[in-house]
Amino acid sequence: MRRARSSSIAVLTFGSVGVAAVISVVWFSVASGLSRFEPAVQVMGLLGGLTGVLAERRASARERRRVALETLSDELGRVAAILDDPRLAPAHGTARRPRVYPRLPVSAVDATLVSGALAEQSDTGLLGRLHRWRDEANGFNRRLELTEMRIFTAGAAHEVEDFDRALHRSDGHLDQIRRQLLELRRYLDETHPELPHPDADPSGG
Amino acid sequence: MTSQPLDDVPEAEAYPAGVLYEPSPVLSGLESVLERTDYPWALELVGEDQADKFATVMSDLRRRHSVTGDGKRITSGYSYMGIEPTIAWANACGDRLYPVMKQSIESFAGRWASVRPSLGAVPYHYVSLGPGDGQKDAVVLQDLRRDNAQLCYVPVDTSTEMLRLAVRDLIRQLTLSRKRILSLSLDFSVRENLAELRRLLTGMFGDTPVLFSLLGNTMANVDDDTELLGMLATELLRPRDRFLLEVATTSSLDNDVADAAATEYERSRSFGEFVTSAVRRYTDLHVDMDSVEYQGSVERGHALLIKIIYRNQTGREIPITLPDRDSVRFRPDDTIRLYMTRKYAQERLGSMLAASRVRKVAGTHADFTAANNRPRFGMELMILAAQPEGAQPGATRLERTLADDVWG
C-alpha cells in the first residue's frame, strides 16, 4: 500500500515535469524572437534540477551503503575475535570455574538491516544471509545467558563441566556459528572485494 | 560341586541333546571329600590367562611420559594381584586412620538391613564381584541363607589371593559348606568374560535369581566407571536378578572438597603401603613414600576424582626393570598412576544409573563426616535391577543433562 502510494507520487512528480517539458518544447517551437528564451530556460532549469537531485540522492545512498558495509565488516571481524576469546575456549584441566561469557555483537547488522542502506537488487543475497546470521547470533547469546543464569543464580556450579562439554561438543552451536560466520565473511569478500579484510580468522582455527 | 544347584535347571538347558554326560569322578569325588574334611580346601575355577594379565601390567608400565598421572599406571584389578598387595589391602581395611573403609565396613550391616526388604523372600544365589576381605559378603550371605537353604556363593576377582582372603574366614564364620562356594578367577571388566560368567551361572543355577554385588566403591576404581556398570547390567542381569551397588558419595563438587577427599586417603600409612605394593611387586623401583602424591579434582561435573600417583622427584632418570627383564626409563617428573578412586555427587547418581541402563529398586545413604565445618562424604548402598526393555527411551532421556537441553 505504502509502495503504491510512493509510486503514485513518483508518477505524479515525473509526469508533471514531463508535461511541463513538453509544453516548453511546444512553446519554443511556436514562439519567435526573444520570447523563445523563456521556454528554453525553463527546459534547461527542469533538466538541471532533476539531474542534480538524482545525483545527490545517489551519492548519499552510496555513502550510506559504504559506511554500512564497512561497519558490518568490522563487526564480523570482532565476532571472529570473540569466538577465539579464551573465555569461549574449552576449559582445560579439572579446575573449571564459572565464567561470564563474551557476547557476539549484532548492532551493526541490526543497523544495516533497518537503515535500508542495502536496497539494490544485488543485495538480496546478502540481506538474506544477514537475517539468518542475526537470528543465529541472538540465539547463541540467549543460550549463553541461560547458561550463566543456571550456573550463577541456581547454585549449579557443579554443572560447569556439563555446560562446557555441551557448548564445545562436535558440530554443536559453537561450531555452527563459526561455520555461518565463515560463510558470511566469504560471501561479503566475494561480492565486495573493496572492503578492508580483518586480520582475525573467522574460522577460529 | 554342582549337583545340588543343577536340580533347578531345566534338563534340556543344562544337558543339550546329543551329548552323553557321564558323572566325572573328579567332581563327584571332590564333593564327597569336601563334605568330610576340615582341611581348608577351597574350590576355585580359573578363567584368566595369567600370561595375558601379566603382559597387560607390563604394557601399562611402558606407557608414555606424563606429569599428570595419565601415562604409566597400575590398572584397577592389578593393584590387588599377588600376596603382598593382598596383605597390604587387608591391613588397610583395618586401619583406624583410613576411616572411609573402616566406617564403610562397620556400618554395612545396618545399611544392608534397610535395603534388604526390597528383595522380598525370593531365594537368591550370591555372586560377589570383587569381594575384598569378605566381611560385607558375610553379612549378605547370613541374611540370604534364611530364604535359600541351597544358597551358593560365587566370589569373582582377578586376584586369586584376594579370593582366598575373601572365602577363608567365611567358611569358618558362617559354617558354609565348601561345596557351595566357588571362587572364580576372572577379570569382570572384560565383556567376553562376563558373557562366559553368565553362561556358567545359568548352567549352575538355572532360573534361580542371582544377587550380584559390587561393593566398597569398586566401580570408582576403573577409568570408564559408568560403562562398566552398564556392561555388568547388560551382560549379567536377567529380569529377576538384582544388583547390590555401593559407592562413595560427596555432597558437593569443588576443588577444595576434592583436596579434602585426597587428604582423607593420604592420612593412612597402611593405605599408602597398599597403593605402592603393586609397584614394589612388578618393578625394582626403590619406593620413596614422600614421592607419592594424592591429587583431588572434579571430574566431568559428576564426581570427585582422587588420583594417587608416584612421581620421579629425584631429578634424574631412573631405569626400572620389569619382571620380563625389560627396562623402562622413568624420566624426571614422570609419573606412575598407582590408584584411582572417586566420590560421586549424590544428585548425579540418578543420571549415572540411567546411563548404565539400570533402575534403583531401593537405596540408603550414610554420611560419614558429620562435623559442620567439614565436607560431607558418605556411602550410598543401592539395590538395582535391569531397566525393562520398554523403559529404554526414558533412560536415554535421563542421560541428557540440562546443559544438553540448553545447547542441544
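Residues numbered from 1 in each chain as written. Chains lettered and ligands numbered in written order. Predicted model: local features only at pLDDT ≥ 70, side-chain atom pairs only at ≥ 80, totals over all residues.

Draft legend 1. Region of interest: the pairing of strand β9 (residues 303–311) of chain B. Residue and element names in this part refer to chain B. Counting buried positions along β9 yields eight of nine residues, so the element is predominantly enclosed. Across eight bridges, strand β8 (residues 292–299) lies against β9 in antiparallel orientation. Its bridge partner lying in β9, Val-292 is registered against Tyr-310. Linking two consecutive strands that pair antiparallel, namely β8 and β9, is a turn of three residues; a positive phi of about 40 degrees is found at Arg-300 within it. (Buried ≥ 20, exposed ≤ 12 C-beta atoms within 10 Å, placed from the backbone. Helix = DSSP H or I, 4+ residues; strand = E, 2+ residues; numbered from the N terminus. Pairing = 2+ DSSP bridges.)

Draft legend 2. Highlighting the environment of B:Thr86. Along the chain, B:Thr86 falls in helix α5 (residues 83–93). Once the C-alpha coordinates of B:Thr86 and B:Met162 are considered, the two residues, 76 residues apart in sequence, prove to be 5.9 Å apart.

Draft legend 3. Inspection of the interface of chain B and chain A at higher detail. Facing 15 residues of chain B, the contacting portion of chain A comprises 18 residues. Breaking the side of chain B that touches chain A down by element, the ones donating at least two residues are β8 and α16 (402–407) of chain B. With five residues, the top contributor of residues to the side of chain B that touches chain A is α16(B). For the side of chain B that touches chain A, the residue count by class is seven nonpolar, four polar and four charged. (Contact = placed C-beta atoms within 7 Å. Nonpolar A, V, L, I, M, F, W, Y, C, P; charged D, E, K, R; others polar.)

Draft legend 4. Spatial organisation of unusual backbone geometry. Residues and elements named next belong to chain B. Even without a glycine there, the phi angle at Asn-217 is positive, about 60 degrees. Within the secondary structure, Asn-217 sits in the loop between β6 (210–214) and α11 (225–236). A count of 22 C-beta atoms within 10 Å places Asn-217 in the buried class. Positive phi values are uncommon outside glycine, yet Asp-333 reaches one of about 75 degrees. Mapped onto the elements, Asp-333 comes out in the loop between β11 (327–330) and β12 (335–345).

Draft legend 5. Structural view of helix α10 (residues 191–205) of chain B. Residue and element names in this part refer to chain B. The terminal C-alpha atoms of α10, which comprises 15 residues, lie 21 Å apart, in line with the 21 Å expected from a rise of 1.5 Å per residue. Leu-194, Leu-197, Leu-201, Met-204 and Phe-205 are the residues of α10 that are buried. Along the axis of α10, the buried positions cluster into a sector of 90 degrees, meaning they face one direction only. Projecting away from the buried face of α10 at angles above 90 degrees are the exposed residues Glu-192 and Arg-199. Where α10 ends, the next residue or the one after it, Gly-206, has phi of about 60 degrees, a positive value. (Expected span 1.5 Å × (residues − 1). Arc of directions from axis to C-beta.)

Draft legend 6. Geometry of the confidence of the model for chain B. Residue and element names in this part refer to chain B. Chain-level statistics for chain B give a pLDDT mean of 82 and a share of 89% at 70 or above. Predicted confidence for residues 1–12 stays below pLDDT 50, and this span has 22 contacts to residues more than four positions away or in other chains. Below a pLDDT of 50 lies the segment residues 392–398, which in the model reaches six contacts outside its immediate sequence neighbourhood of four places, other chains included. In the predicted complex, the global pTM is 0.61; the interface-specific ipTM is 0.73. (pLDDT = per-residue confidence, 0-100.)

Draft legend 7. Molecular detail of the packing of helix α8 (residues 135–144) of chain B against helix α9 (residues 160–173) of chain B. All names here are of chain B. Two elements in contact, α8 and α9, have axes separated by 9 Å at closest approach and are oriented at 40 degrees. Here α8 runs over α9; the crossing is right-handed. Contacts from Asp-137, Ala-138 and Leu-141 of α8 reach α9 at Ala-166, Leu-170 and Gln-173. Residues belonging to the contact of α8 with α9 are distributed by class as follows: four nonpolar, one polar and one charged. (Axes fitted to C-alpha atoms, helices over the stretch in contact; angles between N-to-C directions. Left-handed = near helix turned anticlockwise from the far one by under 90°.)

Draft legend 8. Focus on the packing of α5(B) against helix α13 (residues 269–282) of chain B. All names here are of chain B. It is the contact of α5 with α13, at a shortest axis distance of 8 Å, that shows an interaxial angle of 175 degrees. On the basis of the axis angle, α5 is roughly antiparallel to α13. Residue-level contacts link Glu-84, Pro-85, Ala-88, Trp-89, Asn-91 and Ala-92 of α5 to Ser-270, Phe-271, Glu-273, Phe-274, Ser-277, Ala-278, Arg-280 and Arg-281 of α13. Taken together, the residues of the contact of α5 with α13 sort by class into seven nonpolar, three polar and four charged. (Parallel < 35°, antiparallel > 145°, perpendicular 65-115°, else oblique.)

Draft legend 9. A look at the confidence of the model for chain A. Per-residue confidence for chain A gives a mean pLDDT of 84, with 89% of residues at or over 70. Here residues 200–205 of chain A is modelled with pLDDT under 50, and outside its nearest four sequence neighbours on either side it reaches 14 contacts, counting other chains as well.

Draft legend 10. Spotlight on the pairing of strand β14 (residues 377–386) of chain B. Residues and elements named next belong to chain B. Taking burial as the measure, the ten residues of β14 include seven buried ones, the bulk of the element. Across eight bridges, strand β7 (residues 242–250) lies against β14 in antiparallel orientation. Note on β14: the bridge partner recorded for Leu-244 is Ile-383. Judged from the nine bridges that link them, strand β13 (residues 358–367) and β14 form a sheet pairing that is antiparallel. The partner of Ala-362 across the bridge, within β14, is Ile-383.

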